[in-house]
Amino acid sequence: MAAVMAALTRPFRRGPACLGRLLRRGAGGATCGPRGRGGPGGSEVLTKSLQRGVALSTGSFLVYEAHKLISGFAEVHASFKVEEVIEQADYLYGSGETEKLYQLLVQHKNSDDAELLWRLARASRDLAQLSSTSAEEKRQLAYEALEYTKKALEKNESNFAAHKWYGICLSDVGDFEGIKTKIGNAIVIKEHFQRAIELNPKDATTIHLIGIWCYSFAEMPWYQRKIAATLFATPPTSTFQEYAAHSHLKLFSCLYTADPNFYSKNLLFLGKTYLKLNNKKMALLWLSKAKEYPAHTEEDKQV
């Protein structure tokens with residue numbers, strides 16, 4: 001603060017004195033001496049008053065400029081802070097520290113940064129998946145996560161991860177609101193997954209999620225199809241062939257060089273799909289990979 005004030009006051013060290021001379025001359029021709037030739041009369045009182053006004057004005061200006069400069073520093077510092085929080089969050093996520101990650105990010109739930117918000121949604125959902133989380137907490141966390149993704153999209157519609165996690169969280173909320181709501185949300189969920197792929201065509205997770213969407217509708221029992229028929233003029237449908245195209249051909253042709261075994265659940269659903277297609281040899285291959293996958297998360301253990 002001292003350095004800032006010193007930098008700000010340096011250009012004004014001579015300015016107020018010179019301005020004071022001009023004011024004194026205008027008030028009665030007095031010089032810079034203690035009393036001047038004008039004597040101690042009314043002109044001297046006026047001069048002192050004007051001097052005080054100049055001093056106050058200069059001081060106010062300096063404080064204002066200092067405030068602007070410090071505010072600028074604060075904004076820069078804030079941007080660095082967001083990057084630091086994101087770096088810490090990604091480290092904790094990679095380490096499987098779900099509870100610590102949530103505690104870190106929930107402090108920033110009022111942030112305007114979409115990158116922080118979708119990570120908070122993901123952390124909320126991961127916390128809900130833990131076996132130690134009560135049923136009521138799972139429900140609360142699911143709705144919290146959806147709100148965080150909504151806010152992330154409001155702040156940045158072009159953030160592919162915000163679209164992806166909005167679709168995931170909207171699907172989760174459907175689990176608490178019944179099959180009718182879940183089917184009713186299906187088209188919106190798919191639209192957000194497709195938008196995420198438009199924004200980032202190489203995101204393996206979103207491609208996997210489109211595959212899961214296709215699998216779910218291909219496997220839909222008759223009574224759910226009747227519900228879908230009442231909700232949509234043309235109900236959403238899919239086939240296991242379409243699922244295989246999304247989750248196998250597209251994923252592994254486009255992303256094989258990146259990491260074909262990026263997600264245990266993807267391996268599981270590939271195996272299940274090949275079973276549906278009566279290809280037991282390929283089913284055994286992918287189900288074996290799913291079984292041997294290192295279980296880092298609660299979901300991996302379930303797979």
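About the criteria used
- Residues numbered from 1 in each chain as written.
- Predicted model: local features only at pLDDT ≥ 70, side-chain atom pairs only at ≥ 80, totals over all residues.
- Heavy atoms only, no water.
- Helix = DSSP H or I, 4+ residues; strand = E, 2+ residues; numbered from the N terminus.
- Buried < 20%, exposed > 50% of the residue type's maximum accessible area, 1.4 Å probe, protein only.
- Contact = heavy atoms within 4.5 Å.
- Salt bridge = Lys/Arg side-chain N within 4 Å of Asp/Glu carboxyl O.

**Student:** Is there a simple way to think about the overall build of the chain in this case?
**Tutor:** In terms of helices and strands, the chain carries 15 helices and zero strands. Residues classed as buried in the chain amount to 38% of the 303 residues present. The long-range share in the chain, meaning contacts at least 24 apart out of those at least 6 apart in sequence, stands at 60%.

**Student:** What's the story with the pattern of salt bridges in this structure? I'm lost.
**Tutor:** A side chain of one charge can pair with a side chain of the opposite charge if their charged atoms are brought near each other. Throughout the structure, instances matching the rule amount to 10 salt bridges. Close ionic contact of Lys182 with Asp175 constitutes a salt bridge, the shortest N to O distance being 2.8 Å. Judged by its relative accessible area of 53%, Asp175 falls in the exposed class. Residue Lys265 is joined to Glu299 by a salt bridge in which the shortest nitrogen-to-oxygen separation is 3.5 Å. You can see Lys265 sitting in helix H13 (residues 264-276) and its partner Glu299 sitting in helix H15 (residues 298-302), a full 34 residues away along the chain. Overlapping salt bridges bring together Asp90, Glu115 and Arg119 as one network.

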